[in-house]
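Coordinates in review
Residue-level listing of the chains:
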Amino acid sequence: MVQIEIDMVRRRAEHNEGQIFSLEELSLHQQDIERIEHIDRWCRELRILYLQNNLIPRMENLGRLKKLEYLNLALNNIEVIENLEGCESLQKLDLTVNFVGRLSSLESLKHNVHLRELFLVGNPCTQFQGYRQYVVASLPQLQRLDGTDISRSERIRSVQGLDEVRRQVLRQEREYEQRRAAEKEEASGVTVYIFSPSCSSKGKAESAEEQRETEFWHAPCLFTPESRVEAYRHLEDRRRGKAESVTTSMCLKKRLFCSLIINREQQIFSLLYFDVNLHMDTSLMDVDVQPTYARVSVKGKIFQVVLPAEVKPDSSTAQRSQTTGHLVLTMPRVGTAQRCSDFPVPRHFLQLFLEDPKAFPGQPRDIVSPACPGSSPGLLRPGGILKRCLSLLSCSSGCGGVAALLRAPPW
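Residues numbered from 1 in each chain as written. Predicted model: local features only at pLDDT ≥ 70, side-chain atom pairs only at ≥ 80, totals over all residues. Heavy atoms only, no water.

Next up on the list: the sheet that holds strand 4 (residues 92-94). Spatially, 1-2-3-4-5-6-7 is the arrangement adopted by the seven strands of the open sheet, whose pairing is mixed. Each edge of the open sheet carries a strand with a single partner, namely strand 1 (25-27) and strand 7 (148-149). As paired strands, strand 5 (residues 117-119) and strand 6 (residues 144-145) are joined by two bridges and run parallel to one another. Bridging from a neighbouring strand, Leu-118 pairs with Leu-145 of strand 6. (Pairing = 2+ DSSP bridges. Helix = DSSP H or I, 4+ residues; strand = E, 2+ residues; numbered from the N terminus.)

Attention now moves to the pairing of strand 11 (residues 301-306). In this sheet, strand 11 lies alongside strand 10 (residues 293-298) in antiparallel orientation, the contact comprising six bridges. The partner of Val-296 across the bridge, within strand 11, is Phe-303. What sits between strand 10 and strand 11 in their antiparallel hairpin is a turn of two residues, with Lys-299 showing a positive phi close to 55 degrees.

A few words on the packing of helix 3 (residues 131-138) against helix 4 (residues 152-159). Packing of helix 3 against helix 4 brings their axes to within 8 Å, and their N-to-C directions diverge by 100 degrees. Regarding the angle of helix 3 to helix 4, the classification is roughly perpendicular. Residues Arg-132, Gln-133, Val-136 and Ala-137 of helix 3 pack against Glu-154, Arg-155, Arg-157, Ser-158 and Val-159 of helix 4. Taken together, the residues that form the contact of helix 3 with helix 4 break down as three nonpolar, two polar and four charged. (Axes fitted to C-alpha atoms, helices over the stretch in contact; angles between N-to-C directions. Parallel < 35°, antiparallel > 145°, perpendicular 65-115°, else oblique. Contact = heavy atoms within 4.5 Å. Nonpolar A, V, L, I, M, F, W, Y, C, P; charged D, E, K, R; others polar.)

Before going further, it helps to spend a moment on the sheet that holds strand 10. Each strand in a sheet pairs with another by means of backbone hydrogen bonds, the pair being arranged parallel or else antiparallel. One open sheet holds the three strands; their spatial order is 9-10-11, and the pairing between them is antiparallel. Looking along the sheet, the strands with just one partner apiece sit at the ends: strand 9 (285-289) and strand 11. The sheet shows a mean angle of 10 degrees between the axes of neighbouring strands, direction not considered. Pairing of strand 9 with strand 10 involves five bridges; the strand directions are antiparallel. Paired with Asp-286 across the two strands is Ser-297, which belongs to strand 10.

Here you go:
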């Protein structure tokens, strides 16, 4: 559930120098917000409020906005018009494509004497017989309904026979509420997806996942608040699942790399591995190695790492795989012996770690320097800075353990 937080509001108050107490216009659209809260306490001076395309089911906590003139709640899950009596200055209300079925609830807008425009297009109540006549007669202060001007003659005609129209509207409301009760009961059921044991392999599992995804989006369903929330939950689960799979992959790579480093006889250097796009030009990268930390910048995105031991910046190297594009920093530690014959690492070691399908010890020139065609020479130079790192690994020469210290939040 996405909640309205003060940082969210402050970020959208940049035009007001970040001050929210005197904010007059606020846009919180497309934020997956599920409840209106705090705004009436933090932003008393609001005149315009955009809350369209969220998951808001109820109009609440707006009564203290005495200066509010325009409220946009289009594309939400609102079913009843309520709690706007305190918005004394309200002139325009947009409820396009919601689920308002209780048309009689709009009579609460009689207290908003300055209301001039009302939009209810796309709501179930607009299908009621006598809808427009009922709204025009119930709200004499209105000048435009659903984008159409209300003429004087239409207003006079709407008052004639209002009692009969009201009875029709109330009858249709009851019928709609019965249908909604059935829809809610149907939506409360749980859909279970069953997969055969033959889907145990990775390829078949992915195929089954794709099939379930296709079935979910193509299965016929009613357009209801429950279906909108279900679609949102489904997308959130997929995003969360992808994030977890990436994290798992990172952890597996980290364990593999650690075990390979620990098994070396001479632990005299630290290695940092960065997953960089193969087609990214090396001129877009900068590396700065200092005795106690390393900074990498990829297309202006910064990542900084605190090293577990002091290293030699002058003897450090930066290399990219010609096959995968991955970047590896090799930093010899202070107080260690000179480079051995296979320093920084054997070719096949890095190739295996970087998932090169052609990895074998005899492959010539598998790891190349940054000065490849189309790239600027000299990747390693002072003044560089990264933020796009999939794995940070370094080996402690004192105890033989592995330390990975990050100074940047996950992206």
